[in-house]
Amino acid sequence: MIEDMLRTPSAVRDAEKYTAHNYHPLPVVISSAEGAWLTDVDGKRYLDCLAGYSALNFGHRHPQLIAAAHAQLDRLTLTSRAFIHDQFADFCRELAELCGKDLVLPMNTGAEAVETGIKVARKWGYQVKGVTPGQANIVVAEGNFHGRTTTIVSFSTDEDARADFGPYTPGFTVVPYGDLDALTAAIDENTVAVLLEPIQGEQGVVVPPEGYLPGVRQVCTERNVLFIADEIQSGLGRTGRTFACDHEGVVPDMYLLGKALGGGIVPVSAVAANAEVLGVLKPGQHGSTFGGNPLACAVAIEVVRLLATGEFQRRSAELGERLRAGLEALLGKGLVGVRVRGLWAGLDIDPALMSGREACERLMERGILAKDTHGSTIRLAPPLVITEEEIDQAVAQLAEVLAA
Ligand SMILES: *Cc1c(COP(=O)(O)O)cnc(C)c1O
């Protein structure tokens with residue numbers, strides 16, 4: 001095809017011209033998608049190996065989710081929480097059951113779920129634990145990613161995410177991820193919570209040492225501190241279990257959920273916890289105009305039902321082993337590190353070969369879309385509907401990029 005006839009170059013230019021440059025997207029312009037496949041404005045197809053940072057665990061336009069969204073659009077889209085709507089109770093009950101918790105508090109974005117968790121933990125600290133007024137602290141981990149609000153970036157250790165956004169919110173103590181002694185030492189009488197990702201996604205799918213999460217659970221119980229698991233990216237089937245915490249039999253006091261909860265259709269997030277914890281909130285103390293809206297609930301109910309079948313967790317666990325085998329075979333052939341949990345992989349490319357960005361650009365040319373995180377690390381997180389053959393195809397293309 002003649003370059004001039006392609007729509008992509010001008011569509012890329014326009015996208016750059018009219019937006020703040022807070023992202024550095026690959027130069028591809030998508031116009032439609034189905035399952036694990038994307039199609040660009042020129043009709044070229046790509047295998048999606050990012051899945052909207054795990055917001056698309058069930059693939060693009062899963063028929064059951066799209067049907068629920070269409071049906072709800074034709075009936076009722078928004079009431080605000082000033083009134084109750086007929087999708088609300090089912091969503092909250094079914095999600096609470098999936099989480100094994102008493103209560104659910106629905107919000108929209110992941111960052112709002114994190115903010116909600118922080119507020120609830122502080123109030124619980126003052127009202128239930130008896131922490132000194134104004135002195136609550138929360139222990140967090142180095143390399144964390146919990147979102148982009150001013151409070152959340154206050155405890156980020158990524159300079160790009162944090163620099164020049166101060167003054168910063170106090171009340172957070174940062175400790176090395178995976179180091180139980182450091183975490184234990186950071187807890188004092190005013191600590192209300194430990195907030196962790198059970199696997200650090202943005203950091204490059206960093207899995208903590210075995211025994212770390214159970215150790216955190218134990219010290220939180222002993223010291224009367226809430227264990228808040230940010231499962232916004234790791235949860236809802238991505239790792240081969242419903243929650244990444246399940247791999248070590250750990251039950252946190254609070255789950256923070258988002259991304260895949262909205263089925264790739266609408267932003268839906270939630271906090272799930274027991275009544276002793278979420279029960280501290282009274283009317284007027286927290287809320288969101290769009291949180292728990294009818295459209296969001298209608299889609300998320302079907303998300304929870306898809307997860308309740310266990311099919312996606314099973315696929316992720318089984319296909320993840322195939323992905324692992326394929327990627328581990330590339331160690332020493334361009335890869336210097338591979339971490340895999342279910343259909344979620346962090347790959348460290350030999351920095352002497354190319355950056356993660358360069359690898360993603362070359363993969364794009366070969367019809368595979370993935371995203372770099374830091375330096376020479378890339379992450380693969382395909383929709384859980386991907387097939388064995390498609391995984392093999394992605395691994396084969398990666399092998400060729402590394403060998404070229
Ligand atoms: C994406 C993400 C968030 C923030 O979610 P947004 O919807 O982008 O606000 C928080 N925590 C983790 C672990 C995430 O991956």
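Rules behind the numbers
- Residues numbered from 1 in each chain as written.
- Predicted model: local features only at pLDDT ≥ 70, side-chain atom pairs only at ≥ 80, totals over all residues.
- Heavy atoms only, no water.
- Buried < 20%, exposed > 50% of the residue type's maximum accessible area, 1.4 Å probe, protein only.
- Helix = DSSP H or I, 4+ residues; strand = E, 2+ residues; numbered from the N terminus.
- Pairing = 2+ DSSP bridges.
- Axes fitted to C-alpha atoms, helices over the stretch in contact; angles between N-to-C directions.
- Parallel < 35°, antiparallel > 145°, perpendicular 65-115°, else oblique.
- Left-handed = near helix turned anticlockwise from the far one by under 90°.
- Contact = heavy atoms within 4.5 Å.
- Nonpolar A, V, L, I, M, F, W, Y, C, P; charged D, E, K, R; others polar.
- Phe/Tyr/Trp six-rings, centres within 6.5 Å; stacked < 30°, edge-to-face > 60°.
- Lys NZ or Arg CZ within 6 Å of the ring centre and 35° of its normal.
- Domains from an automatic or database assignment.
- Buried area = accessible area lost by both parts, 1.4 Å probe.
- Salt bridge = Lys/Arg side-chain N within 4 Å of Asp/Glu carboxyl O.
- Polar contact = N/O pair within 3.5 Å; in protein donor to acceptor, adjacent residues only side chain to side chain.

Engineer: Tell me about the pairing of strand β9 (residues 254-257), residues and numbers included.
Structural biologist: Of the two faces of β9, the one carrying Met 254 and Leu 256 and the one carrying Tyr 255 and Leu 257 are both buried. Alignment of strand β8 (residues 226-230) against β9, held across three bridges, turns out to be parallel. From the neighbouring strand, Ala 229 faces β9, where its bridge partner is Tyr 255. Where β9 lies against strand β10 (residues 269-273), four bridges are found, and the strand directions are antiparallel. Within β10, the position partnered with Met 254 by the bridge is Ala 273.

Engineer: Would you mind going over the packing of helix α13 (residues 356-365) against helix α14 (residues 388-403) in detail, with residue names and values included?
Structural biologist: Two elements in contact, α13 and α14, have axes separated by 10 Å at closest approach and are oriented at 125 degrees. By the angle between their directions, the pair α13 and α14 is classed as oblique. Note that α13 runs across α14; the crossing there is right-handed. Residues Ala 359, Arg 362 and Leu 363 of α13 form the contact with α14, whose own contacting residues are Gln 397, Leu 398 and Val 401. Grouping the constituent residues of the contact of α13 with α14 by class yields four nonpolar, one polar and one charged.

Engineer: Can you explain the packing of aromatic side chains? Please cite residues and give values.
Structural biologist: Tallied over the full model, the rule gives four aromatic pairs. Ring plane angle 70 degrees and centroid distance 5.8 Å describe the contact between Tyr 177 and Tyr 212, whose orientation is recorded as edge-to-face. Note that Tyr 177 is positioned in the loop between β6 (172-175) and α8 (180-186) and Tyr 212 in helix α9 (residues 212-222), a separation of 35 residues in sequence. Take Tyr 212: its relative accessible area is 3%, and that puts it in the buried class. The side chain of Arg 45 reaches across the aromatic face of Trp 37, ending 4.7 Å from its centre. The cationic tip of Arg 162 hangs over the ring face of Tyr 168; the distance from NZ or CZ to the ring centre is 3.7 Å.

Engineer: I'd like a rundown of the domain arrangement of the protein chain, residues and numbers included.
Structural biologist: Interface size is commonly expressed as the accessible surface area that is lost when the partners come together. By the assigned domains, the protein chain splits into domain 1 (2-61 + 311-403) and domain 2 (76-308). Placing a centre on the C-alpha atoms of domain 1 and another on those of domain 2 gives a separation of 27 Å. Counting residues at the interface gives 26 residues for domain 1, matched by 27 residues for domain 2. Of the roughly 2300 Å² buried between domain 1 and domain 2 on both sides combined, carbon and sulfur atoms contribute 57%. Ranking the residues of domain 1 by area buried against domain 2 places Gln 313, Arg 341 and Trp 344 at the top, with a combined share of 34%. Taken together, domain 1 and domain 2 are joined by one salt bridge. Notably, a salt bridge pairs Arg 379 with Glu 202, separated by 2.7 Å at the nearest N-O pair. Summed over the shared surface of domain 1 and domain 2, the result is 19 residue pairs in polar contact (both at pLDDT 80 or more). Going through the elements one at a time, α2 (51-54), α12 (311-328), β12 (345-349) and β15 (377-380) are the ones with two or more residues in the side of domain 1 that touches domain 2. Counting residues per element, the side of domain 1 that touches domain 2 draws most heavily on α12, at four residues.

Engineer: Give a description of the sheet that holds strand β1 (residues 30-34) that names residues and reports values.
Structural biologist: Two strands in a sheet stick together by hydrogen bonds in their backbones, pointing the same way (parallel) or opposite ways (antiparallel). The sheet built from four strands is open, its strands ordered β1-β2-β3-β13 with mixed pairing. Looking at the sheet topology across the chains shown, the edges are occupied by β1 and β13 (368-369). Here β1 runs beside strand β2 (residues 37-40); their pairing, made up of four bridges, is antiparallel. Directly across from Glu 34, in β2, lies its bridge partner Trp 37.

Engineer: Lay out the pattern of salt bridges in plain terms, naming residues and giving numbers.
Structural biologist: The final tally for this structure, using the stated rule, is 16 salt bridges. Residue Arg 93 is joined to Glu 97 by a salt bridge in which the shortest nitrogen-to-oxygen separation is 4.0 Å. Highlighted residues: Arg 93 and Glu 97, both in helix α4 (residues 88-99), separated by four residues, approximately one helical turn. Classification of Glu 97 by relative accessible area gives exposed; the value is 57%. One salt bridge connects Arg 217 with Asp 253, and the closest N-O pair in it is separated by 3.0 Å. In this pair, Arg 217 sits in helix α9 while Asp 253 sits in the loop between β8 and β9, placing the two residues 36 residues apart along the sequence. Within the structure, one salt-bridge network assembled from shared partners comprises Asp 90, Arg 93, Glu 94, Glu 97, Glu 302 and Arg 305.

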